[in-house]
Amino acid sequence: MTDLIVTERDGFVQTVRMNRPEKKNALTLAMYGGLADALAKGETDDDVSVHLLAGGGEDFTAGNDLNDFLTITRLSGTDLERFLLTLAGLQKPVVAAVKGAAVGIGSTMLLHCDLIVAAAESRFQFPFVNLGLVPEAASSLLLPRLVGHPRAAELLMLGDPFDAARAYEIGLVNSVVPTGEEEQAARALADRLAARPRDAVRKTKALLRQPDEPVLDRIQREARIFEAALTSPELREAVAAFRERRPADFTRHAR
Ligand code: COA
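Criteria and cut-off values
- What you see as residue numbers is a count from 1 along each chain, following the sequence as written.
- Owing to the predicted nature of the model, reporting of local features is limited to residues with pLDDT of at least 70; listing and counting of side-chain atom pairs is limited to 80 or more, with chain, interface and lining totals taken over all residues.
- To get the side-chain values, all heavy atoms of the structure are used, and hydrogens and water are removed first.
- Helix and strand labels come from DSSP, where a helix needs a run of H or I of at least four residues and a strand needs a run of E of at least two; each type is numbered from the N terminus.
- In this analysis, the expected span of each helix is defined as 1.5 Å times one less than the number of residues it contains.
- Exposure classes here rest on a 1.4 Å probe applied to the protein chains alone. A residue is buried below 20% of its type maximum, exposed above 50%, and partly exposed in between.
- The reported arc concerns the directions from the helix axis to the C-beta atoms and nothing else.
- In this analysis, strands are considered paired if DSSP registers two or more bridges between them.
- Every angle, taken between N-to-C directions, lies between 0 and 180 degrees, and every axis is a line fitted to C-alpha atoms, over only the stretch in contact when it is a helix.
- Here, two residues are considered to be in contact whenever any of their heavy atoms come within 4.5 Å of each other.
- We define a nonpolar core as any set of buried Ala, Val, Leu, Ile, Met, Phe, Trp, Tyr and Cys residues linked to one another through side-chain atoms lying within 4.5 Å.

Turning to helix α8 (residues 182-194), a few remarks are in order. In a regular helix each residue adds 1.5 Å, so 13 residues correspond to 18 Å; α8 covers 18 Å between its end C-alpha atoms and thus fits that length. Here α8 has its buried residues at E182, A186, R187, A190, L193 and A194. Seen from one end, α8 has its buried residues packed into an arc of 125°, which puts them on one side.

This is the structure:
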């Protein structure tokens, strides 16, 4: 862990902050290592229910450090690859608070997050072709699935920047808030997720993250998970709360 990646836990939310503001949080290999370590640690910490990704200073991240691109000759086995595989494999939900620049991996990592709040003045960009590169982080698969081929082609083949309103319009982010309020809004969402039944949230995320399955198979797989959940303490608490006309409290169950 480096001080370029700052981790803090408050309640059941772990915030992982990219913190190199003078370089717009451009990510070096060491920072990817710090991100991967922080997320992996939060994933195994029973006191963490939700990961929150944020940037220090004015930006989310301006993407991979462009100077590093001149020295990197491979991705496999690097901390960049480890970060992406860790992020994509998280079982706990991930909330992102975006502001300023969200360029390159700053945009592609959002495709692996679950709920995303953007500041009104955020700037997104998938600039790869303009650098002579190609999409990464499975964005060539996930972006067309999310926004459709024509818009994904526009974003990935032209590589122009776009604003928060456009990001909301195409479904890349959940909401746009006034600049300066994004982290508070993201934190509120993270707290709401953390108050939900833990296992149900994680199993729902796992189902959402595996879309390539025939509908008939999915109905049966959901049913098997649903059946197992019928004996959960969370369901008993939800039904008891309904009967007693009080809010459900899931925090006392194992996390
Ligand atoms: N790698 C390394 N340094 C970066 C960086 C990056 N990806 N993005 C920004 N920086 C540095 C700049 O070199 C500058 O450093 P300096 O003050 O020592 O000169 C500092 O961060 C501020 O950036 P600057 O370009 O002056 O800010 P801006 O507001 O004019 O522009 C961006 C912001 C994000 C549009 C612009 O910095 C940019 O295009 N960055 C590159 C984004 C990119 O291509 N990322 C790789 C994707 S694969």
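What follows picks up the thread again.
Here the focus is the sheet that holds strand β4 (residues 94-98). One open sheet accounts for six strands, arranged β1-β2-β3-β4-β6-β9; its pairing is mixed. Strand pairing shows two members of the sheet lacking a second neighbour, β1 (5-10) and β9 (175-177), which therefore form its edges. Neighbouring strand axes in the sheet, compared pairwise and without regard to direction, differ in orientation by 20° on average. Direction of pairing for strand β2 (residues 13-18) relative to strand β3 (residues 50-55): parallel, over a ladder of six bridges. Residue pairing across strands places R17 opposite A54, the latter belonging to β3.

What follows concerns helix α6 (residues 149-158). Every buried residue belonging to α6 is among A152, A153, L155 and L156, and all of these are buried. Contacts made by the buried residues of α6 are with α5 (139-147) and β8 (162-163). Just beyond α6, the residue with positive phi is G159, at close to 70°.

It is characteristic of soluble globular proteins that their nonpolar side chains tend to be buried jointly. In this structure, L53, F60, F83, V98, M109, F124 and L172 are the most contacted members of the largest nonpolar core, which totals 44 residues. Those elements that place two or more of their residues in this core are β2, α1 (29-44), α3 (79-88), β4, β6 (115-119), α5, α6 and α7 (164-169). In terms of residue count, α1 provides more of this core than any other element does, six residues in total. Counting residues in each nonpolar core, the second largest holds 13 residues, with V117, L193, A194 and V201 among its members.

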